[in-house]
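# Structural features, examined
The lines below spell out each chain.
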Amino acid sequence: MRIVDAETRCPWCLGSDIYIAYHDEEWGAPLHDERMLFELLILEGAQAGLSWSTILNKRDNYRKAFDDFDARRIARYTDKKSASLLADAGIVRNRLKIAAAIQNAKALLAVQKEFGSFDGYVWRFVGGEPKQQRRRSMNDVPARTPESDAMSKDLQARGFKFVGSTICYAYMQATGMVNDHLVNCFRHPQLQGKR
């Protein structure tokens with residue numbers, strides 16, 4: 001039985017138990033669930049300018065406030081609902097980020113209609129399967145890549161907001177489109193060959 005400790009985890013996750021659980025159970029695992037893909041897109045956008053731990057600590061509140069990330073419901077949010085979200089201390093109360101979540105729900109529905117699924121659409125930016133990286137240190141991990149540049153440009157052209165290339169690369173990492181666990185991390189080999 002392998003002991004999991006700070007030496008065998010990516011160093012970015014060592015700040016808290018919630019970070020460690022996210023790293024060990026979710027981050028980098030290939031994700032194909034439509035609702036979860038949408039949730040992470042909204043949360044990555046909400047994180048812009050903040051720490052990821054801030055968003056993880058508010059994640060349950062986001063699920064409640066945003067109807068468990070049901071894109072059809074969010075796309076129909078009214079000005080009254082937006083105002084209630086701005087008053088909700090359980091989420092990041094930023095008018096532009098809330099408006100972006102609503103706009104992104106509408107854009108996601110259009111993508112699903114055109115491509116059949118959001119999953120099929122986003123995964124095409126990595127050729128349909130995870131890119132297996134061999135990073136040895138956090139200094140080797142880029143903030144953006146040609147794939148995230150392409151995803152960002154295409155999402156923006158389709159009306160998505162808060163989807164710059166850096167956000168898109170973080171999204172690709174989170175959803176397992178790239179395996180950016182460091183090679184000495186116990187999760188790296190676990191995720192090789194996963195689709």
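Just above, that's the structure.
A short tour of the structure in this document, coming up. (Residues numbered from 1 in each chain as written. Predicted model: local features only at pLDDT ≥ 70, side-chain atom pairs only at ≥ 80, totals over all residues. Heavy atoms only, no water.)

## As for the overall build of the protein
When you go through the protein residue by residue, the secondary structure sums to 10 helices and two strands. Helices (α) and strands (β) of the protein occur, in sequence order from the N terminus, as α-α-α-α-α-α-α-β-α-α-β-α. In terms of C-alpha radius of gyration, the protein reaches 17 Å, essentially the compact-globule figure of 16 Å for 195 residues. Sorting the 195 residues of the protein into buried and exposed places 48% on the buried side. Restricting the contact set of the protein to residue pairs at least 6 apart, pairs at least 24 apart contribute 68%. Of the accessible surface of the protein, which amounts to about 9600 Å², a share of 49% is contributed by carbon and sulfur atoms. Computed over 29 positive and 24 negative side-chain charges, the inter-centroid distance for the protein is 5 Å. (Helix = DSSP H or I, 4+ residues; strand = E, 2+ residues; numbered from the N terminus. Rg over C-alpha atoms; globule rule 2.2 N^0.38 Å. Buried < 20%, exposed > 50% of the residue type's maximum accessible area, 1.4 Å probe, protein only. Contact = heavy atoms within 4.5 Å. Areas by Shrake-Rupley, 256 points an atom, 1.4 Å probe, with all protein chains shown as cover. Lys, Arg positive; Asp, Glu negative; His and termini not counted. Charge placed at Lys NZ, Arg CZ, Asp CG, Glu CD.)

## A short note on helix H8 (residues 146-157)
Along an α-helix, residues three or four positions apart point the same way, because every turn accommodates 3.6 residues. Spanning 12 residues, H8 covers 17 Å between terminal C-alpha atoms, matching the ideal 16 Å at 1.5 Å per step. Inspection of H8 places Ser148, Met151, Ser152 and Leu155 among the buried residues, and these make up the whole buried set. Down the axis, H8 shows its buried residues gathered within 100 degrees of arc, on one side only. For H8, the exposed residues lying more than 90 degrees away from the buried face are Pro146, Lys153 and Ala157. Along its buried surface, H8 packs onto helix H7 (118-123) and helix H9 (165-174). Among the residues trailing H8, Gly159 stands out with phi positive, at a value near 95 degrees. (Expected span 1.5 Å × (residues − 1). Arc of directions from axis to C-beta.)

## Thoughts on the pattern of salt bridges
This model, assessed by the stated rule, comprises 14 salt bridges. Ionic pairing is found between Arg9 and Asp24, a salt bridge with its closest N-O pair at 2.5 Å. Of the two residues, Arg9 is situated in the segment before helix H1 (17-25) and Asp24 in helix H1; the sequence distance between them amounts to 15 residues. For Asp24, a relative accessible area of 17% gives the class buried. The salt bridge partner of Arg63 is Asp60, with a shortest N-O separation of 3.7 Å. In this pair, Arg63 and Asp60 both sit in helix H3 (residues 52-65), three residues apart, roughly one turn of the helix. (Salt bridge = Lys/Arg side-chain N within 4 Å of Asp/Glu carboxyl O.)

## Overview of the packing of H8 against H9
Packed helices, taken two at a time, are described by their axes: the angle between them and the distance between them. Packing of H8 against H9 leaves a shortest axis separation of 8 Å and a crossing angle of 115 degrees. Between H8 and H9, the angle falls in the class roughly perpendicular. The two elements H8 and H9 cross, and the hand of that crossing is right-handed. Of H9, the residues touching H8 (which contributes Glu147, Ser148, Asp149, Met151, Ser152 and Leu155) are Ser165, Cys168, Tyr169, Tyr171 and Met172. (Axes fitted to C-alpha atoms, helices over the stretch in contact; angles between N-to-C directions. Parallel < 35°, antiparallel > 145°, perpendicular 65-115°, else oblique. Left-handed = near helix turned anticlockwise from the far one by under 90°.)

## Things to note about the nonpolar core
The biggest cluster of nonpolar side chains holds 51 residues, and the ones touching the most others in it are Phe66, Phe118, Val122, Met151, Phe160 and Tyr171. Breaking this core down by element, the ones donating at least two residues are H1, helix H2 (34-47), H3, helix H4 (71-75), helix H6 (95-115), H7, H8 and H9. At eight residues, H2 tops the list of elements feeding residues into this core. Every residue in contact with Phe160, bar those within four places of it in the chain, is listed here: Leu41, Asn104, Ala107, Leu108, Val111, Phe118 and Leu155. Ranked by size, the runner-up nonpolar core spans five residues in total, among them Val141, Leu182, Cys185 and Phe186. (Core = buried A, V, L, I, M, F, W, Y, C linked by side-chain atoms within 4.5 Å.)

## Quick notes on the side chain of Asp119
Among the secondary structure elements, Asp119 is positioned in helix H7. Among buried Asp, Glu, Lys and Arg side chains, Asp119 stands out as unpaired, with Arg124 the closest opposite charge at 11 Å.

## Description of the packing of aromatic side chains
On inspection of all chains with the given rule, the structure shows 12 aromatic pairs. With a centroid separation of 6.0 Å and an interplanar angle of 10 degrees, the aromatic rings of Phe66 and Phe69 are classed as stacked. Like Phe66, the residue Phe69 is buried in the burial classification. Cation over ring: Lys81 sits above Tyr77, and NZ or CZ is 5.1 Å from the ring centre. (Phe/Tyr/Trp six-rings, centres within 6.5 Å; stacked < 30°, edge-to-face > 60°. Lys NZ or Arg CZ within 6 Å of the ring centre and 35° of its normal.)

Keep in mind these values describe shape, not function.
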